[in-house]
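# Close look at the chain arrangement
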Amino acid sequence: MTFRGDAQFDTTRVARRGGGARGGAIAIGGGGLVTVLLFIVSSFLGVDLTGLGSAIQQDPSAGGGSDTEVVGCTGEQANDPASYDCRMEGGADSLSAYWSGVFAENSLEYREPAVVLYGGQVSTACGNASSAVGPFYCPGDEQIYVDTTFFDTLRTQFGASGGSLSQLYVLGHEWGHHIQQLTGDLQRVDAQDTGPSGSATRSELQADCYAGAWLAAASTTPDQGGGDPVLVQPTQAELNDALDAAAAIGDDSIQAQSGQGVNPDSWTHGSSEQRQTWFANGYQQGVSACANVWQVPTP
């Protein structure tokens, strides 16, 4: 998806975090756990997690490291394939404008998440995470964590095209988990309720739907200052890019690549077909369609 070349981003919610997290491992189990919504099935990447249903040990003192706000980006810079930081800033600007508008229209209170870009390891209110976890949302500090090298992983390990719209889809998906945090839907997830129709999978599909709803509206959503939208309408090729990413990270696709066989009972994020379907539902029908994921049978 393309940004207006002269777009000026007004977001103050994106920062690049320097410094390493304390320790190198993600703690599993124990007391004081908080559910962490993972964008990918991390066990496929060599981390001993079970995807969405995993919990990492909460560390209230976590979150250290110096943050440098991402500022001064333009739409032209965000369109540079190598400029992940500017693309995330521009995406956050558009997402903030869209979701604050949706909540205002429904007389609901809205809080923005912070977006933290990092490399290698990061310390969060949900514990220490490495890049192997993939992008994730931490409800403990209401922050989205993105190791931007994941976008290269989409291409090299998942076989996705990994273009600009697929990268914005990732950010929109994680922002969708923040919306679930605000609406209370996040609390509906039972970490043990896996499978194609389980609450874990439904939560992920709703986040896919939210990403689709935002991307459909992004080209008509005024920027933070009430000016022109920062994004232009996506082409069909760009939409195919996002759908390609959704398919590549379906549970069935990841399990097939792992060589361990496809086991639907263990799914926590949904099949390739499910993820594409619910992204398309949001894109074609708008945000109102996303509530249906909790009621209707999933494909």
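Before any of the text, the structure's been laid out above.
Residues numbered from 1 in each chain as written. Predicted model: local features only at pLDDT ≥ 70, side-chain atom pairs only at ≥ 80, totals over all residues. Heavy atoms only, no water.

### Overview of the packing of aromatic side chains
Quick reminder of the rule: Pairing of aromatic side chains here covers Phe, Tyr and the six-membered ring of Trp, requires ring centres within 6.5 Å, and sorts the geometry by plane angle: under 30 degrees stacked, over 60 edge-to-face, intermediate tilted. We call a residue buried when its accessible area falls under 20% of the maximum for its residue type, exposed when it is over 50%, and partly exposed in between, using a 1.4 Å probe and counting protein chains only. Where helices and strands are cited, they refer to DSSP runs of H or I of at least four residues and of E of at least two residues respectively, numbered from the N terminus.
Scanning all chains against the criterion turns up ten aromatic pairs. Between the aromatic rings of Tyr 98 and Trp 99, the centroid separation amounts to 5.0 Å while the plane-to-plane angle is 70°, which identifies the pairing as edge-to-face. For Tyr 98, a relative accessible area of 10% puts it in the buried group. The class of Trp 99 is buried, set by a relative accessible area of 1%. Ring geometry for Trp 99 against Phe 103: centres 6.5 Å apart, planes inclined by 75°, an arrangement best described as edge-to-face. Taken together, the positions of Trp 99 and Phe 103, both in helix 2 (residues 84–105) and four residues apart, correspond to about one turn of that helix. For the pair formed by Trp 99 and Phe 103, the shared burial category is buried. One aromatic cluster is present, built from ring pairs that chain together Tyr 98, Trp 99, Phe 103, Tyr 110 and Tyr 210.

### Digging into the state of the cysteines
Basically, it comes down to this: By convention in this document, the label disulfide applies to cysteine sulfur atom pairs within 2.5 Å.
One pass over the structure, following the stated rule, counts three disulfides. Here Cys 73 pairs with Cys 86 through a disulfide, and the sulfurs are 2.1 Å apart. On the sign convention where negative is left-handed, the bridge of Cys 73 and Cys 86, at about -70° about the S-S bond, is left-handed. Taken together, the positions of Cys 73 in the loop between strand 5 (67–69) and helix 1 (75–78) and Cys 86 in helix 2 put the pair 13 residues apart, joining distant regions of the chain. Judged by relative accessible area, which is 5%, Cys 73 ranks as buried.

### Let's talk about the packing of helix 6 (residues 236–248) against helix 8 (residues 272–285)
Selection criterion: Lines fitted to C-alpha atoms define the axes here, with helix axes fitted over just the stretch in contact, and angles between the N-to-C directions of these axes take values from 0 to 180 degrees. Helix crossings fall into two classes, left-handed where the near helix is turned counterclockwise from the far one by less than a right angle and right-handed where it is turned clockwise. Note on contacts: a residue pair qualifies if any of its non-hydrogen atoms lie within 4.5 Å across the two residues. Three classes are used, and their members are as follows: Ala, Val, Leu, Ile, Met, Phe, Trp, Tyr, Cys and Pro are nonpolar, Asp, Glu, Lys and Arg are charged, and the others, Gly among them, are polar.
Their axes nearest at 8 Å, the elements helix 6 and helix 8 cross at an angle of 145°. Considering only the axes of helix 6 and helix 8, their crossing is right-handed. Each of Leu 239, Ala 242, Leu 243, Asp 244, Ala 246 and Ala 247 in helix 6 lies in contact with helix 8, whose residues at this interface are Ser 272, Arg 275, Gln 276, Phe 279 and Tyr 283. Looking at the contact of helix 6 with helix 8 residue by residue, the classes come out as seven nonpolar, two polar and two charged.

### Some remarks on the nonpolar core
A general trend in soluble globular proteins is that nonpolar side chains are found buried together. Rules: Side-chain atoms within 4.5 Å link the members of a nonpolar core, which is a set of buried Ala, Val, Leu, Ile, Met, Phe, Trp, Tyr and Cys residues.
Formed by 61 residues in total, the largest nonpolar core has its most connected members in Trp 99, Tyr 169 and Trp 175. Ignoring sequence-local partners within four residues, the contact set of Trp 99 consists of Tyr 110, Trp 175, Ile 179, Tyr 210 and Val 287. Counting ten residues, the second largest nonpolar core, distinct from the first, contains Val 116, Val 133, Phe 136 and Cys 138.

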